[in-house]
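Residues per chain are reported as follows:
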Amino acid sequence: MSGGQERPTGGGQDGREPVPGPGEPEGDVYDWYRRGVRLLDERHPAAAVQLLARAALAEPQSLSIREALARAQFDAGAYREALENFRAVALADPSDDYAQFGWGVAAARLGDFESSAEHLALAVAMRPENAHYRSALRQSRATLAARAGAYGPLQPGAPGYLAPRQDEGGAR
């Protein structure tokens with residue numbers, strides 16, 4: 001383990017394998033990462049978050065662990081946490097197209113379409129052949145355009161429609 005911490009060995013210096021402490025998963029950081037990614041691939045994001053968060057605490061500079069943790073958090077619906085981890089990876093390696101994409105889709109889930117479009121555009125610029133990146137960018141840009149009124153006024157009954165206010169005489 002990094003940071004000078006040692007795990008309890010369960011029996012002293014007798015050559016036996018270290019025994020995890022209470023609440024600590026078995027294995028080393030790489031084992032936690034591999035099991036977390038496997039859980040994520042098997043569609044168990046909340047369980048993956050638990051292992052990958054432990055791995056990220058042990059190895060906070062590992063971009064692969066942070067990116068896998070961000071994916072698990074996103075899939076578990078923890079969009080704010082996912083955004084923070086995708087952001088950390090993208091800031092450490094601005095050429096990481098997937099981190100830019102993750103930052104963009106997490107921002108969109110949080111309603112920040114300006115930031116979403118910015119980071120999705122970066123991802124598309126790096127990997128223009130990626131249909132998922134292009135689709136997400138189109139959706140964010142369409143949302144921004146709709147909010148700016150590019151498609152005309154909202155129709156009565158549409159989500160977000162505010163009826164015109166009537167004056168005191170009842171006339172419109």
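Quick look at the structure, then. Since this is a predicted model, take the numbers as computed values, not measurements. (Residues numbered from 1 in each chain as written. Predicted model: local features only at pLDDT ≥ 70, side-chain atom pairs only at ≥ 80, totals over all residues. Heavy atoms only, no water.)

This part covers the overall build of the protein. Along its length, the protein carries 7 helices and 0 strands. Walking the protein from its N terminus toward its C terminus, one meets helices and strands in the order α-α-α-α-α-α-α. Buried positions account for 34% of the 172 residues belonging to the protein. Within the protein, counting contacts between residues at least 6 apart in sequence, those at least 24 apart form 37% of the total. Approximately 10,800 Å² of the protein is accessible, and the part contributed by carbon and sulfur atoms is 51%. (Helix = DSSP H or I, 4+ residues; strand = E, 2+ residues; numbered from the N terminus. Buried < 20%, exposed > 50% of the residue type's maximum accessible area, 1.4 Å probe, protein only. Contact = heavy atoms within 4.5 Å. Areas by Shrake-Rupley, 256 points an atom, 1.4 Å probe, with all protein chains shown as cover.)

A few words now on the environment of Arg38. Checked against the element boundaries, Arg38 lands in helix H1 (residues 29–41). A C-alpha to C-alpha distance of 7.9 Å links Arg38 and Ala48, two positions 10 residues apart in sequence.

Attention now moves to the side chain of His119. Within the element layout of this structure, His119 appears in helix H6 (residues 113–126). If we skip the residues at most four places from it in the chain, His119 touches Gln100, Phe101, Trp103 and Gly104.

Moving on: the packing of aromatic side chains. Counted by the stated rule, this structure contains 5 aromatic pairs. Ring-pair connections join several aromatic residues into one group, and the members of that group are Phe86, Tyr98, Phe101 and Tyr133. (Phe/Tyr/Trp six-rings, centres within 6.5 Å; stacked < 30°, edge-to-face > 60°.)

Right, let's get into the nonpolar core. Grouped together as the largest cluster of nonpolar side chains are 20 residues, with contacts concentrated most on Phe101, Val105 and Leu120. Taken together, the elements giving at least two residues each to this core come down to helix H3 (63–75), helix H4 (79–92), helix H5 (97–109), H6 and helix H7 (131–147). Leave out the neighbours within four places in its chain, and Leu120 touches Gln100, Phe101, Gly104, Val105, Ala136, Leu137 and Ser140. By size, the runner-up hydrophobic cluster in this structure holds 15 residues, among which are Val37, Leu40, Ala56 and Leu69. (Core = buried A, V, L, I, M, F, W, Y, C linked by side-chain atoms within 4.5 Å.)

Tallied over the full model, the rule gives 5 salt bridges. Arg34 is the partner of Asp31 in a salt bridge, and the nearest nitrogen-oxygen pair spans 3.7 Å. Residue Asp31 and its partner Arg34 are located together in helix H1, separated by 3 residues, close to a single helical turn. According to the relative accessible area criterion, Asp31 is partly exposed, its value standing at 25%. With relative accessibility at 43%, the residue Arg34 sits in the partly exposed group. Between Asp41 and Arg71 there is a salt bridge whose closest N-O contact spans 3.7 Å. Note that Asp41 is positioned in helix H1 and Arg71 in helix H3, a separation of 30 residues in sequence. Classification of Arg71 as partly exposed rests on a relative accessible area of 26%. (Salt bridge = Lys/Arg side-chain N within 4 Å of Asp/Glu carboxyl O.)

Attention shifts here to unusual backbone geometry. In this model, Arg43 sits at a positive phi of 65°, which is unusual for a non-glycine residue. Assignment of secondary structure puts Arg43 in the loop between H1 and helix H2 (45–58).

At their nearest, the axes of H4 and H5 sit 8 Å apart, and the two run at 150° to each other. Between H4 and H5, the angle is such that the two are roughly antiparallel. Like other packed secondary-structure pairs, H4 and H5 cross with a definite hand, here left-handed. Residue-level inspection shows Tyr79, Leu83, Phe86, Arg87, Val89, Ala90 and Leu91 of H4 in contact with H5, the latter providing Tyr98, Ala99, Gln100, Gly102, Trp103, Ala106, Ala107 and Arg109. By residue class, the composition of the contact of H4 with H5 is 11 nonpolar, 2 polar and 2 charged. (Axes fitted to C-alpha atoms, helices over the stretch in contact; angles between N-to-C directions. Parallel < 35°, antiparallel > 145°, perpendicular 65-115°, else oblique. Left-handed = near helix turned anticlockwise from the far one by under 90°. Nonpolar A, V, L, I, M, F, W, Y, C, P; charged D, E, K, R; others polar.)

Any link to function would need more than the numbers given here.
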